[in-house]
Amino acid sequence: MSALSKLDLENDEQTTEKPKFEVHDLSSATWVMRKLRDFDDQDAEVKQAAKEQIEDVEEQIEDIEKWQQKELDKNESSREYMQGLLSDYLHELRQSDKKAKISTPYGTVSTRKQREGVNWPNDKKLIQSLTDQGLTDFLKPNPKPDKEAIKKNFHFVGDHYISDDGVILDGPTIKPATEKTTFKFNRKAVIK
């Protein structure tokens, strides 16, 4: 094969899109869980190496911290991709069984419901609303809103956050209930 033909073949291979990996059964889910656990182990190893080097060489701390962050970021993008694959597969399983979860020798993937709550998008607007209405007992000294006390005394009626006395606060919005995908790893499983 001529060098030119070889170059054309290599370019074709590079432009050909790889088929997208999908989790489609327990075997592929197990492989992805093992990879996710490996990313956690690699992160721990990177952090330990960086910690040891920082203790040994104080003047190079910034370089070591940059290296550590670069290594952790590399794993994070792969971790997010793998978690997305497992989340998609779990969603697919949930089409036929609402309580389905993925259980592998390396861990489990399930969901956890998160309660409805309050979004606090703008503290300045909330502080202004509390001050204008003379509700300074809901402000901390900083001034900062005492969100726990506010939650105990206000509730949503429609889209409005209202006290039992009928006082409406500007700022807080409803945070809808959601489901969060959780990943639990079995650290005792041995990889050969």
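Here the structure is a predicted model, which means the values were calculated and not measured.

The rules behind the values
- Residues numbered from 1 in each chain as written.
- Predicted model: local features only at pLDDT ≥ 70, side-chain atom pairs only at ≥ 80, totals over all residues.
- Heavy atoms only, no water.
- pLDDT = per-residue confidence, 0-100.
- Contact = heavy atoms within 4.5 Å.
- Patch = residues over 30% accessible without salt bridge, like charges linked within 9 Å, V, L, I, M, F, W, Y side chains within 5 Å.
- Areas by Shrake-Rupley, 256 points an atom, 1.4 Å probe, with all protein chains shown as cover.
- Salt bridge = Lys/Arg side-chain N within 4 Å of Asp/Glu carboxyl O.
- Helix = DSSP H or I, 4+ residues; strand = E, 2+ residues; numbered from the N terminus.
- Lys, Arg positive; Asp, Glu negative; His and termini not counted.
- Charge placed at Lys NZ, Arg CZ, Asp CG, Glu CD.
- Phe/Tyr/Trp six-rings, centres within 6.5 Å; stacked < 30°, edge-to-face > 60°.
- Buried < 20%, exposed > 50% of the residue type's maximum accessible area, 1.4 Å probe, protein only.
- Arc of directions from axis to C-beta.
- Pairing = 2+ DSSP bridges.
- Axes fitted to C-alpha atoms, helices over the stretch in contact; angles between N-to-C directions.

K.L.:
Can you break down the confidence of the model for the protein residue by residue, with the values?
P.N.:
When pLDDT is averaged across the protein, the result is 81; 85% of the residues are at 70 or more. Scored below 50 in pLDDT, residues 1-9 shows two contacts in the model against residues more than four places distant or in partner chains.

K.L.:
Which residues make up a nonpolar patch on the surface, and what are the values?
P.N.:
On the surface, F21, W31 and Y81 cluster together into a nonpolar patch covering about 280 Å² of accessible area. Tracing the chain through its elements places W31 in helix α2 (residues 26-56).

K.L.:
So what's going on with a positive patch on the surface? Residues and values would help.
P.N.:
Where like charges cluster on the molecular surface, the positive patch consists of K101, R112, K180 and K184. You can see K180 is positioned in strand β10 (residues 178-185).

K.L.:
Explain the packing of aromatic side chains to me, using residue names and the numbers behind them.
P.N.:
By the definition in use, this model includes four aromatic pairs. Taking the centre distance of 5.4 Å and the plane angle of 55° together, the rings of F21 and W31 count as tilted. Here W31 lies in helix α2 and F21 lies in the loop between α1 (3-15) and α2, a separation of ten residues in the sequence. Three or more aromatic residues joined by ring pairs form one cluster here, namely F138, F154, F156 and Y161.

K.L.:
Kindly report on helix α4 (residues 123-132), identifying the contributing residues and their values.
P.N.:
Among all positions in α4, only L126, I127, S129 and L130 are buried. Down the axis of α4, the smallest arc covering the buried residues is 160°, so these residues share one side. Residues K124 and D132 are exposed on α4 and point more than 90 degrees away from its buried face. On its buried side, α4 packs onto β4 (139-140), β5 (144-145), α5 (147-153) and β8 (168-169).

K.L.:
Give a detailed account of the sheet that holds β10, specifying residues and quantitative values.
P.N.:
With antiparallel pairing, three strands are arranged side by side in an open sheet as β1-β2-β10. For this open sheet the edge positions go to β1 (102-104) and β10, each flanked by a neighbour on one side alone. Neighbour-to-neighbour, the strand axes of the sheet open up by a mean angle of 30°, direction not taken into account.

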